[in-house]
Amino acid sequence: MTAPATLTIDLPDEAATSALAADLAGRARRGDVIALSGALGSGKTTFARAFIAASSGAGEVPSPTFALVEVYQSVTGSALWHFDLYRLDKPEDAYELGIEDAFAEGISLIEWPERLGALLPKEHLGILLAPGASETARQARLDASPSWAGRIAELKRD
């Protein structure tokens, strides 16, 4: 069993954020949960849009801020569920969004995962986006559970 791993990546601009998202989208598999954290304006939606575009080939990717969830078909065949839980009142409300189906059958990309509380699976890739050295720069801290540890270790070599 692989131990949990942490990796910090400096992202000098939005293009670098999008490139990281696309790279991780290529490594995602059915049943994966990617949890995007960070303050408002930290780049979560930019990351999510790039991840979805790379996974599904979707041209325009709306933010699910009002719908709370959007579902896309990935090129690998798994459904890609994009949750924006900013307006979720309590963790149990996620059941109404089909989160159990997402966890079991697809790839789940979750903005504001802390709103899930204990419902967030222990097996997930946590990505914390924070301000970087300049106005457009970000820093991404990837906290990988064992199922993701080897995949993010590959990022160091790529």
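The sections below set out a description of the structure shown in this document.

Some remarks on the overall build of the protein
Moving on, step 1. Regarding its fold elements, the protein presents four helices and seven strands.
Moving on, step 2. Per-residue burial for the protein yields a buried fraction of 49% across its 158 residues.
Moving on, step 3. Taking all contacts inside the protein whose residues are at least 6 apart in sequence as the whole, residues at least 24 apart take part in 64%.
Moving on, step 4. Approximately 7800 Å² of the protein is accessible, and the part contributed by carbon and sulfur atoms is 53%.

A look at the packing of helix α1 (residues 14–27) against helix α2 (residues 44–56)
Moving on, step 1. As a packed pair, α1 and α2 sit with axes 8 Å apart at the nearest point and diverge in direction by 45°. Relative to α2, the element α1 is oriented oblique. Helix-helix and strand crossings are classified by hand; for α1 and α2 the assignment is right-handed. Contacts between α1 and α2 involve Glu14, Thr17, Ser18, Leu20, Ala21, Ala22, Leu24 and Ala25 on the former and, on the latter, Thr46, Phe47, Ala50, Phe51, Ala54 and Ser55.
Moving on, step 2. Here the contact of α1 with α2 is composed, by residue class, of nine nonpolar, four polar and one charged.

Examining the sheet that holds strand β2 (residues 33–37)
Consider a sheet: its strands pair through backbone hydrogen bonds, and that pairing is either parallel or antiparallel.
Moving on, step 1. Spatially, seven strands are ordered β1-β7-β6-β2-β5-β4-β3 in an open sheet, and the strand pairing comes out mixed. Every other strand in the sheet has two partners, leaving β1 (5–11) and β3 (69–73) as the edge strands with one partner each. Each strand of the sheet is rotated relative to its neighbour by a mean of 15°, with strand direction disregarded.
Moving on, step 2. The pairing of β2 with strand β5 (residues 106–111) spans four bridges and is classified as parallel.

Overview of the environment of alanine 5
Moving on, step 1. Assignment of secondary structure puts alanine 5 in strand β1.
Moving on, step 2. Assessed through its relative accessible area of 21%, alanine 5 is described here as partly exposed.
Moving on, step 3. Taking the C-alpha atoms as reference, alanine 5 lies 8.0 Å from alanine 153; in sequence the two are 148 residues apart.
Moving on, step 4. With near-sequence residues (within four places) excluded, alanine 5 lies in contact with Leu142, Asp143, Ala144, Ala149 and Ile152.

What counts and what doesn't
- Along each chain, residue indices are assigned from 1 in the same order as the chain's sequence is written.
- Local features in a predicted model are, by the rule used here, given only for residues with pLDDT of at least 70; side-chain atom pairs are given and counted only at 80 or more, and totals for whole chains, interfaces and linings are based on all residues.
- Just so you know, side-chain values use all the structure's heavy atoms and leave hydrogens and water out.
- Counting from the N terminus, the helices are DSSP H or I runs at least four residues long and the strands are E runs at least two residues long.
- Burial classes: relative accessible area under 20% of the type maximum marks a residue as buried, over 50% as exposed, and values in between as partly exposed (1.4 Å probe, protein chains only).
- It only takes one pair of heavy atoms within 4.5 Å for two residues to be counted as in contact.
- A 1.4 Å probe and the Shrake-Rupley method give the accessible areas. Residues count as covered only by the protein chains that appear here.
- Axis angles are defined between N-to-C directions and span 0 to 180 degrees, where every axis is a line fitted to C-alpha atoms and, for a helix, only to the segment in contact.
- Roughly parallel means an angle under 35 degrees; roughly antiparallel means over 145; roughly perpendicular covers 65 to 115; every other angle is labelled oblique.
- For a crossing to be left-handed, the near helix must be turned anticlockwise from the far one by less than a right angle; the clockwise case is right-handed.
- Here the nonpolar group is Ala, Val, Leu, Ile, Met, Phe, Trp, Tyr, Cys and Pro; Asp, Glu, Lys and Arg are the charged ones; every other residue, Gly included, is treated as polar.
- Only when DSSP finds a minimum of two bridges between them are two strands counted as paired.

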